[in-house]
Amino acid sequence: MKRPQQKTKRPGDHFYYEAKEQGFLARSVFKLQEIDKKYRLFPKNRKEPFFIIDLGCAPGSWLQYACKELNNDDKVVGIDLNKIDIIDPKLIFIQKDILEMNPDEFKKLAGATEGFNLVLSDMAPKTCGIKAVDQERSIELCKMAMQVAVSNLKKGGSLVIKVFQSNEVKPFTIELKKHFDNVEIFKPESSRKESFEIFIVSTNFKN
C-alpha cells in the first residue's frame, strides 16, 4: 500500500508523532485501532470476502488501517468530497457527495452482492462555533450514515459513527437499537480530552 506523507495538523501530542512515525495520514487512525481492539471489527480467520464502506474517508487514515487489516479478496469503498492520495488494490475511492449516492451503488462497486460487513463514519460537519448548530449538523450526518448502513449491511454487520455529544445522542441510539442488537458509546483514549466527539459502535445488524 502506498502511504502518502503525513498531513496531520495540530502537532504536539504522542498520538500525532506516533501516526507520523508509522506512516499514517492522521492521528485519528488510533481511534479506529482502539475501537477495533475492543469490538473486533475485523474478525480473524475470515472464510468469506469482507466488505467495508468508509464514509467521509479523507484524508484516509481509517482507509489505511482498513487496508492493512483486509485480505486480498476484501474491498473497502471510501467516499468523500475531498480527494485522497492512497493507492491500494483493495480500495475503491469515490470523490462524491454522499447525498448523491444511490445505496445500491456501493454494492455494485465492490461486488458485495450480499451486502457489507462494516460501515465506518468519521464524518464531521463544518463547525460554525455555535454549539447547538454544530451538534444538530453532527446528528444529521449520523442519520445519513445509519441510512447507508441499513441499506447495505448484511446480517451480523457493524456500524461505527462519530458524533458530537448532545442531548440528541440518546434518542439516536434508541433508533439504532431497532436495527442492531448491541449499541454502545465509546470514547477512545486517543481522542483529545477537550474534544466533544464520541463514537457509537453498533454491532450484530438484525437485517
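The structure under discussion appears in the preceding block.
Cut-offs used in this document
Residues numbered from 1 in each chain as written. Predicted model: local features only at pLDDT ≥ 70, side-chain atom pairs only at ≥ 80, totals over all residues. Heavy atoms only, no water. Helix = DSSP H or I, 4+ residues; strand = E, 2+ residues; numbered from the N terminus. Buried < 20%, exposed > 50% of the residue type's maximum accessible area, 1.4 Å probe, protein only. Areas by Shrake-Rupley, 256 points an atom, 1.4 Å probe, with all protein chains shown as cover. Phe/Tyr/Trp six-rings, centres within 6.5 Å; stacked < 30°, edge-to-face > 60°. Lys NZ or Arg CZ within 6 Å of the ring centre and 35° of its normal. Pairing = 2+ DSSP bridges. Right-handed = clockwise from strand over helix to strand, strands pointing away. Axes fitted to C-alpha atoms, helices over the stretch in contact; angles between N-to-C directions. Parallel < 35°, antiparallel > 145°, perpendicular 65-115°, else oblique. Left-handed = near helix turned anticlockwise from the far one by under 90°. Contact = heavy atoms within 4.5 Å.

Engineer: What exactly am I supposed to notice about the overall build of the chain here?
Structural biologist: Each helix and strand counted, the chain has six helices and seven strands in total. For the chain, the N- to C-terminal ordering of α and β elements is α-α-β-α-β-β-α-β-α-β-α-β-β. Within the chain, buried positions represent 52% of all 207 residues. A total accessible area of about 11,100 Å² is found for the chain, and carbon and sulfur atoms account for 47% of it.

Engineer: Please explain the packing of aromatic side chains as it appears in this structure.
Structural biologist: Here the structure, examined in full by the defined rule, presents six aromatic pairs. Between Phe51 and Phe116 the ring centres are 6.1 Å apart and the planes differ by 75°, which places this aromatic pair in the edge-to-face class. Within this pair, whereas Phe51 is found in strand β1 (residues 51-55), its partner Phe116 is found in strand β4 (residues 116-121), the two being separated by 65 residues in sequence. Each member of the pair Phe51 and Phe116 is classed as buried. Put simply, the rings of Phe42, Phe50 and Tyr65 pair up and form one aromatic cluster. A cation sits over an aromatic face here: Lys38 above Tyr39, 5.5 Å from the ring centre. Of note, Arg46 hangs over the ring of Phe50, and the distance from its end group to the ring centre comes to 4.7 Å.

Engineer: Help me out: how do you make sense of the pairing of strand β2 (residues 75-80) in this one?
Structural biologist: Within a regular strand, the side chains alternate between the two sheet faces. Of all six residues that make up β2, five are buried, and the element is covered over most of its length. In terms of strand pairing, β1 meets β2 through five bridges, oriented parallel. Bridge pairing in β2 places Ile52 opposite Val76. As for the winding sense of the linkage, the β-α-β connection from β1 through helix α3 (residues 61-69) to β2 is right-handed. With five bridges joining them, β2 and strand β3 (residues 91-95) adopt parallel strand pairing. If you follow Val77 over to β3, its bridge partner there is Ile92.

Engineer: Quick question: what am I supposed to make of the packing of helix α2 (residues 29-39) against α3 here?
Structural biologist: Two quantities define a packed helix pair, namely the angle between the helix axes and the distance between the axes. Interhelical geometry of α2 versus α3 gives an angle of 45° and a closest axis separation of 8 Å. When the axes of α2 and α3 are compared, the pair comes out oblique. In this structure, α2 meets α3 at a crossing whose hand is right-handed. In contact with Val29, Leu32, Gln33 and Asp36 of α2, α3 contributes Ser61, Trp62, Tyr65 and Glu69.

Engineer: Explain unusual backbone geometry to me, please; I cannot follow it from the model alone.
Structural biologist: Peptide bonds are mostly trans, and most non-glycine residues show a negative phi. Here the residue pair Ala58 and Pro59 is connected by a cis peptide bond, since its omega of 5° sits within 30 degrees of zero. Examined against the element boundaries, Pro59 turns out to sit in the loop between β1 and α3. Of note in the backbone geometry, Arg40 takes a positive phi value of approximately 55° without being a glycine. One can find Arg40 in the loop between α2 and β1. What makes Arg40 exposed here is its relative accessible area of 70%. Even without glycine at this site, Asn204 takes up a positive phi of about 60°.

Engineer: Would you take a moment to explain the sheet that holds strand β5 (residues 153-164) for this structure?
Structural biologist: Strand pairing in a sheet relies on backbone hydrogen bonds, with the paired strands running either antiparallel or parallel. Strand order in the open sheet made by the seven strands is β3-β2-β1-β4-β5-β7-β6, with mixed pairing throughout. Edge positions in the sheet fall to β3 and β6 (180-186), since each of these pairs with one other strand and no more. Ignoring strand direction, the axes of neighbouring strands in this sheet form an average angle of 15°. Sheet strands in contact with α2 are β4, β5, β6 and β7 (197-205), and its direction is about 135° off that of β6. Sheet strands touched by helix α5 (residues 131-152): β1, β4, β5 and β7. Its angle to β5, the strand with the most contacts, is close to 170°.

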